[in-house]
Number of protein chains: 2
Amino acid sequence: MSERVFNFNPGPSTLPVEVLKQAAADVVEFNHCGMGVLEVSHRSPEFMAVAENTEALIRELMGVPDDYKVLFLQGGASSQFAMVPLNLVGPGKKATYLNTGTWAKKAIKEAKMIADVQVAYSSEETSFDHVPTVNDYQVDGDSEYLYLVSNNTIYGTQFPEFPGHPTLVADMSSDILSRTLDVSRFGIIFAGAQKNMGTAGVTVVIIRNDLINRAPENLPTMFRYKTHADKGSMFNTPPCFSIHVLGLTMRWLKERGGVAAMEATNRKKAAVLYQAIDATDFYRGHARNGSRSLMNVTFNLPTPELEARFIKEAAAVNLKGIKGHRSIGGCRASIYNAFPGEGIDRLVEFMAGFEKKHG
Amino acid sequence: MSERVFNFNPGPSTLPVEVLKQAAADVVEFNHCGMGVLEVSHRSPEFMAVAENTEALIRELMGVPDDYKVLFLQGGASSQFAMVPLNLVGPGKKATYLNTGTWAKKAIKEAKMIADVQVAYSSEETSFDHVPTVNDYQVDGDSEYLYLVSNNTIYGTQFPEFPGHPTLVADMSSDILSRTLDVSRFGIIFAGAQKNMGTAGVTVVIIRNDLINRAPENLPTMFRYKTHADKGSMFNTPPCFSIHVLGLTMRWLKERGGVAAMEATNRKKAAVLYQAIDATDFYRGHARNGSRSLMNVTFNLPTPELEARFIKEAAAVNLKGIKGHRSIGGCRASIYNAFPGEGIDRLVEFMAGFEKKHG
């Protein structure tokens, strides 16, 4: 077996080794039932327990109130970009969006096909280097919901706090479970699992009960929240293995002290890296102070050539996946819950050495 | 480790042990890259190779012509029930369906929300115990496509041959790759992977190029075939692990001689079981001769009480998952590609013993 690398990929991304080992064992045989977890029926007691325990752990870890459903859907966060307006608003009704990056823009594009869209704020002119504060924009009074992306993976920005709105909808794909949160302030929270919660193939949707049955009658069955809410996410065969890995990751998170403990570690990890960036002019952070993400740390070097060299040499010492998103270039270290602090120390050390050689 | 059982589940269902062991190893470490297959980026060379090889194997095994795309989508076959009419027809246009069971009915329900639907044939009155021949129905001339379910998992019926139509659409979720097929006779073939091809979470869609770009402009991005065709099924993060298991299963299938070899084995396996059913009045097959499925063998015992006892006693000797679908009761043995012939022999032996005791 090769040495395990430090995996800075933005998603799919690093997972706890304990989770991987358990998942691997379960693929061959699950719960002494003489079948692997890929082979058990989704209606079997074995798998029903997986789904129920996974939901219970998410409810416990996030403090999800009783009047919210937790759904396990397919299609990625990208499908939610359409499902949210399809279920919540109709033609002629309005929804408000904050445009803080690529994923917000994609969600806005989908919403515009379906409803009247107000873009109340955009940070596009400054390369999405910040998120707005509540004083920076106004939400139209007749808007059905306010939509934001809590953490912008590509640009490395994150909302440090959330605005108030009767129906706040948040794409939390890249920072769910990374910090404590009052779920009751949201109408819908959704997140693809492959960053902070497990592996690709399942999207967690936490939805307040009053929003579940607002879809028009002609909306196809699979695109309706009600379909999945009524059947405990078992209307059709769910992505069983992805749900199982999600559950194992939730168990790991709980054993490590839950979300508050995770947040403390995440703050420490990010602080070490930002400190290394701020201590020199050789490295420059992309995100403004006050908007910096705890999950994705984006930075530049003096030239694109040096950046390419940095990424290559880092990979050679097992610091992999540091290349920035193709749309903005530069470097990005994605340091989700499962990313070990040791990897940050190694990166900071490497950064100092690289600067000494090339600065 | 417990003894491996014979798993007659209808899906998720039994997989080759070789596939499970390789998948398990890959979860912990993939291709000596210092990460597990759940952790590699979907844009990494490692995963791109997985997706490309998987597609190439499907093309080779099924003889997919060059003017067809092979897509890996999420949402299950149930999402295709809506995607097919959403992409192929608009309001006022017509589509024709053959109603041969629960899954056909669900597809009809979705199509009716979207288009003008002709149900050209239904076997509902006789408990879906057969499929029609081409002489049993007429397709309206102005119909954009003819839709059928090639194998009806719940009722144990299967089309022995296919009608001709310029745009034949087939849900092959439960018999894809189980018998040789002329793909060029179809407009769209789709199948959830969790029966004959791998694990839940990915749906394979084989679509003729001229059908890809017929969707109306306001159809959400994720629901358009073109979105996924243009990006090689990588518009957003795909269900990576499910695609990997699909690829491993395709490799296994190729090593076993491909689809023709699989068909020969499947015919032999089914014949043994139907012979055991036909040899006595104690067991009665549900499907009519001429419509019998090679994949799902449905049968009844003299009373529901005996059926319940049969299922329980079979499970006690490691013949599991024989209970019929809750909508029709009785017994069902699902014997997909990966189900071993030895399991059929064991079941037939058990059936004889059970009859001797209770007949």
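Trainee: Please provide a residue-by-residue account of the overall build of chain A, values included.
Mentor: Secondary structure summary: chain A contains 9 helices and 14 strands in total. Radius of gyration (C-alpha) of chain A: 21 Å, near the 21 Å computed for a compact globule of 359 residues. When the backbone C-alpha atoms are referred to their principal axes, chain A occupies close to 65 × 55 × 30 Å. Classification of the 359 residues of chain A by burial places 65% in the buried group. Put simply, of all contacts in chain A between residues at least 6 apart along the chain, 64% involve residues at least 24 apart.

Trainee: Could you give an account of the relation of the copies chain A and chain B, with specific residues and numbers?
Mentor: Superposing chain A onto chain B requires a rotation of 180° together with a translation of 0.0 Å along the rotation axis, leaving an RMSD of 0.0 Å. The superposition operator between the copies reduces to a two-fold rotation axis. Residue A24 of chain A, judged by its C-alpha, is the member of chain A lying nearest the rotation axis, at 2.1 Å. Comparing interface residues between copies, 100% of those in chain A also sit at the interface in chain B, which points to an isologous, same-surface contact.

Trainee: I'd like a rundown of helix α6 (residues 240–255) of chain B, residues and numbers included.
Mentor: Residue and element names in this part refer to chain B. With 16 residues, α6 extends 23 Å between its outermost C-alpha atoms, agreeing within 8% with the 22 Å of an ideal straight helix rising 1.5 Å per residue. In terms of residue burial, α6 counts as a mostly covered element, since 13 of its 16 residues are buried. Within two residues after α6, G257 carries a phi angle of roughly 110°, on the positive side.

Trainee: How would you summarise the domain arrangement of chain A if you had to cite specific residues and measurements?
Mentor: Residue and element names in this part refer to chain A. Here chain A is partitioned into domain 1 (25–255) and domain 2 (257–358). Taking only C-alpha atoms into account, the centre of domain 1 sits 27 Å from that of domain 2. With 29 residues of domain 1 at the contact, the number on the domain 2 side is 26 residues. Both sides of the domain 1 and domain 2 interface together cover about 2,200 Å² of buried area, and 54% of this is carbon and sulfur. Between R288 and D129 there is a salt bridge whose closest N-O contact spans 3.3 Å. Listed by contribution, the elements that provide at least two residues to the side of domain 1 that touches domain 2 are β7 (157–158) and α6 (240–255). Looking at which element gives the most residues to the side of domain 1 that touches domain 2, the answer is α6, with 4 residues.

Trainee: Summarise the pattern of salt bridges; cite the residues concerned and give the values.
Mentor: Two side chains with opposite charge may pair up if their charged atoms get near one another. This model, assessed by the stated rule, comprises 32 salt bridges over all chains. Across the pair D278 of chain B and R292 of chain B runs a salt bridge, and its minimum N-O distance is 2.8 Å. You can see D278 of chain B sitting in helix α7 (residues 258–278) and its partner R292 of chain B sitting in the loop between β11 (284–285) and β12 (296–300), a full 14 residues away along the chain. Residues joined by salt bridges that share partners form a network here, namely K93, E144 and R214 of chain A.

Trainee: Explain the interface of chain A and chain B residue by residue, including any values.
Mentor: On the side of chain B, 63 residues touch chain A, which itself brings 63 residues to the contact. Across the interface of chain A and chain B, roughly 4,900 Å² is buried in total on both sides, 59% from carbon and sulfur atoms. The interface formed by chain A and chain B contains 2 salt bridges. The salt bridge partner of E39 of chain A is R4 of chain B, with a shortest N-O separation of 2.6 Å. Contributions of two or more residues to the side of chain A that touches chain B are made by α1 (17–28), α3 (76–88), α4 (102–114) and α6 of chain A. For the side of chain A that touches chain B, the leading source of residues is α1 of chain A, giving 6 residues. When grouped by side-chain class, the residues that make up the side of chain A that touches chain B number 28 nonpolar, 23 polar and 12 charged.

Trainee: Can you explain the packing of aromatic side chains? Please cite residues and give values.
Mentor: Scanning the model with the defined rule gives 38 aromatic pairs over all chains in all. When the centroid spacing of 5.8 Å and the interplanar angle of 70° are considered together, the rings of Y97 of chain B and Y145 of chain B count as edge-to-face. Here Y97 of chain B, found in strand β3 (residues 94–99), pairs with Y145 of chain B, found in strand β5 (residues 143–149); they are 48 residues apart in sequence, far enough to count as distant. Judged by its relative accessible area of 0%, Y145 of chain B is buried. Taken together, a centroid distance of 6.3 Å and an interplanar angle of 50° make the contact between F282 of chain B and F354 of chain B tilted. Residue F282 of chain B is found in the loop between α7 and β11, and its partner F354 of chain B is found in helix α9 (residues 341–358); the two are separated by 72 residues along the sequence. Assessed through its relative accessible area of 8%, F282 of chain B is described here as buried. Following the ring pairs from residue to residue traces out a cluster consisting of F81, Y97, W103, Y145, Y147 and F190 of chain A.

Trainee: Can you break down the side chain of N337 of chain B residue by residue, with the values?
Mentor: Note that N337 of chain B resides in the loop between β14 (331–334) and α9. Residue N337 of chain B is classed as buried on the basis of its relative accessible area, which comes to 4%.

Trainee: Could you give me a rundown of the sheet that holds strand β5 (residues 143–149) of chain A, with the residues and numbers involved?
Mentor: Residues and elements named next belong to chain A. Reading across the sheet, the 7 strands line up as β2-β10-β9-β8-β5-β3-β4 and stay open at both edges, with mixed pairing between neighbours. Each edge of the open sheet is held by one strand with a lone partner, namely β2 (68–73) and β4 (116–122). Adjacent strand axes in the sheet meet at a mean angle of 15° when their direction is disregarded. Note that strand β3 (residues 94–99) and β4 share 6 bridges and pair parallel. Bridge pairing in β4 links A95 to V117. Helix-sheet contacts for α3 involve β2, β3, β5, β8 (168–171), β9 (188–192) and β10 (203–208), and the interaxial angle to β9 is about 160°.

Trainee: Pulling in residues and values, what's your account of the packing of α7 of chain B against α9 of chain B?
Mentor: Residue and element names in this part refer to chain B. Between α7 and α9, the least distance of the axes is 9 Å, while the angle of their chain directions is 5°. Taken together, the axes of α7 and α9 lie roughly parallel to each other. For the pair α7 and α9, the contacting residues are K269, V272, L273, A276 and I277 in the first and G341, I344, D345, L347, V348 and M351 in the second. Considered class by class, the residues forming the contact of α7 with α9 number 8 nonpolar, 1 polar and 2 charged.

Trainee: Go over unusual backbone geometry with me, naming the residues and quoting the values.
Mentor: Between G11 of chain A and P12 of chain A the backbone carries a cis peptide bond, its omega angle lying at -5°. When you line up the elements, P12 of chain A lands in the loop between β1 (6–7) and α1. Of note, the phi angle at L177 of chain B is positive, near 70°, even though the residue is not glycine. Inspection of the secondary structure puts L177 of chain B in the loop between β8 (168–171) and β9 (188–192). Accessibility expressed as a relative area gives 3% for L177 of chain B, which makes it buried. Unusually for a residue other than glycine, N318 of chain B sits at a positive phi of about 65°. Tracing the backbone shows N318 of chain B in the loop between α8 (304–316) and β13 (319–320). The exposure class of N318 of chain B is buried, given its relative accessible area of 18%.

The rules behind each value
Residues numbered from 1 in each chain as written. Chains lettered and ligands numbered in written order. Predicted model: local features only at pLDDT ≥ 70, side-chain atom pairs only at ≥ 80, totals over all residues. Heavy atoms only, no water. Helix = DSSP H or I, 4+ residues; strand = E, 2+ residues; numbered from the N terminus. Rg over C-alpha atoms; globule rule 2.2 N^0.38 Å. Buried < 20%, exposed > 50% of the residue type's maximum accessible area, 1.4 Å probe, protein only. Contact = heavy atoms within 4.5 Å. Least-squares fit on C-alpha atoms with pLDDT ≥ 70 in both. Expected span 1.5 Å × (residues − 1). Domains from an automatic or database assignment. Buried area = accessible area lost by both parts, 1.4 Å probe. Salt bridge = Lys/Arg side-chain N within 4 Å of Asp/Glu carboxyl O. Nonpolar A, V, L, I, M, F, W, Y, C, P; charged D, E, K, R; others polar. Phe/Tyr/Trp six-rings, centres within 6.5 Å; stacked < 30°, edge-to-face > 60°. Pairing = 2+ DSSP bridges. Axes fitted to C-alpha atoms, helices over the stretch in contact; angles between N-to-C directions. Parallel < 35°, antiparallel > 145°, perpendicular 65-115°, else oblique.

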